[in-house]
Amino acid sequence: MRSIPAVLIDGRKIAAELQAGMKCETERLKSEQNLIPGLATILIGDDPASRTYVSMKKKACDSIGIYHEEHAFPEDVGEGEVIRLIRQLNDASKIHGILVQLPLPPHLNERKILNTVSPKKDVDGFHPVNMGNLIISDGTLVPCTPAGIMILLERAGVDIEGKHAVIAGRSSIVGKPVALMLLAKHATVTICHSKTRNLGEYTRRADILVVAAGRAKLITEDMVKEGAVVIDVGINRIDGKLCGDVDFEGIRKRASAITPVPGGVGPMTIAMLMRNTITAAKSTLK
Ligand code: GUN
């Protein structure tokens, strides 16, 4: 056990600082360029967590000065109707970002819907064009959670070059893009997933451990190297209480720095969505 407990990486504080800077930027864009960044969110069905996330995104827009439009469909909406709305939003001049809240009901083809969003308005960074740009390290609209993780590491003073980064989870939203971003910063990257044999053998070798597996307390104290930096992307609910994918209390005794859940990665995802919306709006000026 380390004698000093891990430093807590305060995502709430860092996101609030970033959003304060964005508020100044939207004020300047409005006064100097007559430009108000605009975000449209599309919510399908009535999943309570998705509803909460969309309302948090709306609140962030309001506090920064981003125009927000919320579009909601019932669970049984047809694919054609969703695609028609996205095409309208692609053509709408006051909308610079379009976000389709995931997960979608099973009858909808997620890829077909996400691919309909114009890459220029794809503030989630999920379109193949933006995913491809990330592979060649030329991304402007990059996925929000991975982008937020990179800022957390930077703000925590973590030197990434040459470090061994281990990622638990291979989703297109977090695991794969964060692997590419860490690789671009010259980490040696290992991606583990649900079929990885003996996960602990890999995680114990991580200088930087990113856990985005969607399983509460998947990572226990014995699976973490002393002094590692641990980024917990999980959001699980146990008996009504939020917890991440790592055993926070056990691991904070071994790690050098760790993100809490809630208050770590989550607020950064929203801040990065706001940043992408401003970036998309600014790109219309060129
Ligand atoms: N559902 C969970 N995470 C995300 C995200 O980053 N973007 C969208 N659109 N939906 C999500």
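Higher on the page you've got the structure.
Computed from a predicted model, the values in this text were never measured in an experiment.

1. Examining the site of the ligand
Step number 1: In the vicinity of the ligand, the contacting residues are Leu-99, Val-100, Gln-101, Leu-102, Asp-124 and Phe-126.
Step number 2: Contacts to the ligand include Leu-102, whose backbone N or O atom sits 3.0 Å from a nitrogen atom.
Step number 3: Contacts to the ligand include Asp-124, whose side-chain N or O atom sits 2.6 Å from a nitrogen atom.
Step number 4: Within the complex, the protein chains bury 81% of what would otherwise be the 280 Å² of accessible surface of the ligand.
Step number 5: A breakdown of the residues in the shell around the ligand according to their chemical character gives 4 nonpolar, 1 polar and 1 charged.

2. Concerning the nonpolar core
Step number 1: Counting 50 residues, the largest nonpolar core has Ile-149, Leu-153, Leu-182, Val-210, Ile-231 and Met-274 as the members making the most contacts within it.
Step number 2: For this core, the secondary-structure elements that each account for two or more residues are α1 (11-33), α2 (48-64), α6 (144-155), β5 (164-168), α7 (175-184), β7 (208-211), β8 (229-232) and α10 (265-282).
Step number 3: If you tally residues by element for this core, the top one is α10, at 10 residues.
Step number 4: If sequence neighbours within four positions are ignored, Val-210 has contacts with Ile-149, Val-166, Ile-167, Ala-168, Val-178, Leu-182, Ile-231 and Val-233.
Step number 5: Residues Ile-44, Val-82, Leu-114 and Phe-126 belong to the second largest nonpolar core, which totals 20 residues.

3. Here's the deal with empty space enclosed by the protein
Taking a probe equal in size to a water molecule and rolling it over the atoms shows the remaining empty space.
Step number 1: Overall, the coordinates contain 1 cavity of 30 Å³ or more when judged by the stated rule.
Step number 2: Taken as a whole, the largest cavity holds about 40 Å³ of empty space.
Step number 3: Lining the largest cavity, in full, are Ile-98, Val-100, Leu-114, Val-117, Asp-122, Asp-124 and Phe-126.

4. Thoughts on the layout of surface pockets
Step number 1: Empty space within the second largest pocket amounts to approximately 420 Å³.
Step number 2: Every residue lining the second largest pocket is counted, 16 residues in all, and those nearest its centre are Val-142, Met-150, Met-181, Ala-184 and Lys-185.
Step number 3: Mapped onto the lining of the second largest pocket, the elements with two or more residues apiece are α6 and α7.
Step number 4: Examining the composition of the lining of the second largest pocket, we find that 4 residues originate from one element, α6, more than from any other.

5. Remarks on the pattern of salt bridges
Step number 1: Overall, the coordinates contain 9 salt bridges when judged by the stated rule.
Step number 2: For the salt bridge of Arg-28 with Glu-25, the shortest nitrogen-to-oxygen distance reads 3.9 Å. Of this pair, Arg-28 and Glu-25 both sit in helix α1, 3 residues apart, roughly one helical turn.
Step number 3: One salt bridge connects Asp-207 with Lys-225, and the closest N-O pair in it is separated by 2.7 Å. A residue pair is termed long-range when its members are at least 10 positions apart, and Asp-207 in the loop between α8 (199-203) and β7 and Lys-225 in the loop between β7 and β8 qualify at 18 residues.
Step number 4: By relative accessible area, Asp-207 is classed as partly exposed at 23%.
Step number 5: We classify Lys-225 as partly exposed; its relative accessible area is 31%.
Step number 6: Through salt bridges with shared partners, a single ionic network connects Glu-25, Arg-28, Glu-32 and Lys-282.

Reading guide: rules and limits
- The residue count restarts for each chain, going from 1 along the sequence in the order it is written.
- Only residues with pLDDT of at least 70 are given local features in this predicted model, and only at 80 or more are side-chain atom pairs given and counted; all residues enter the totals for whole chains, interfaces and linings.
- Side-chain figures throughout are based on the complete set of non-hydrogen atoms in the structure, without hydrogens or water.
- Residues are labelled near a given molecule or strand when at least one of their non-hydrogen atoms is within 4 Å of it.
- Counted as a polar contact is a pair of N or O atoms within 3.5 Å, where, for protein atoms, one must be capable of donating a hydrogen and the other of accepting one, and residues adjacent in sequence contribute only when both atoms are in side chains.
- Areas reported here follow the Shrake-Rupley algorithm with a probe of radius 1.4 Å; residue values treat only the protein chains shown as occluding.
- Residues are sorted three ways: Asp, Glu, Lys and Arg are charged, Ala, Val, Leu, Ile, Met, Phe, Trp, Tyr, Cys and Pro are nonpolar, and all the rest, Gly among them, are polar.
- Residues belong to one nonpolar core when they are buried, are Ala, Val, Leu, Ile, Met, Phe, Trp, Tyr or Cys, and are joined through side-chain atoms within 4.5 Å.
- Think of it in three bands: with a 1.4 Å probe and only protein chains considered, a residue is buried below 20% of the maximum accessible area for its type, exposed above 50%, and partly exposed in between.
- Helix and strand definitions follow DSSP, with helices as H or I runs of at least four residues and strands as E runs of at least two, each counted in order from the N terminus.
- The criterion used for residue contact is that any of the two residues' heavy atoms lie within 4.5 Å.
- A pocket, in this scheme, is an open set of points on a 1 Å grid over the protein atoms alone with protein on both sides within 12 Å along at least 5 of 7 lines, while a cavity is a set where a 1.4 Å probe fits but cannot get out; residues line either one if an atom lies within 4 Å of a point.
- Grid points are joined across faces, edges and corners, and a volume is the space filled by probe spheres set on the points.
- The salt bridge definition used is simple: a Lys or Arg side-chain nitrogen within 4 Å of an Asp or Glu carboxyl oxygen.

Everything listed is a geometric property; what it means functionally is a separate question.
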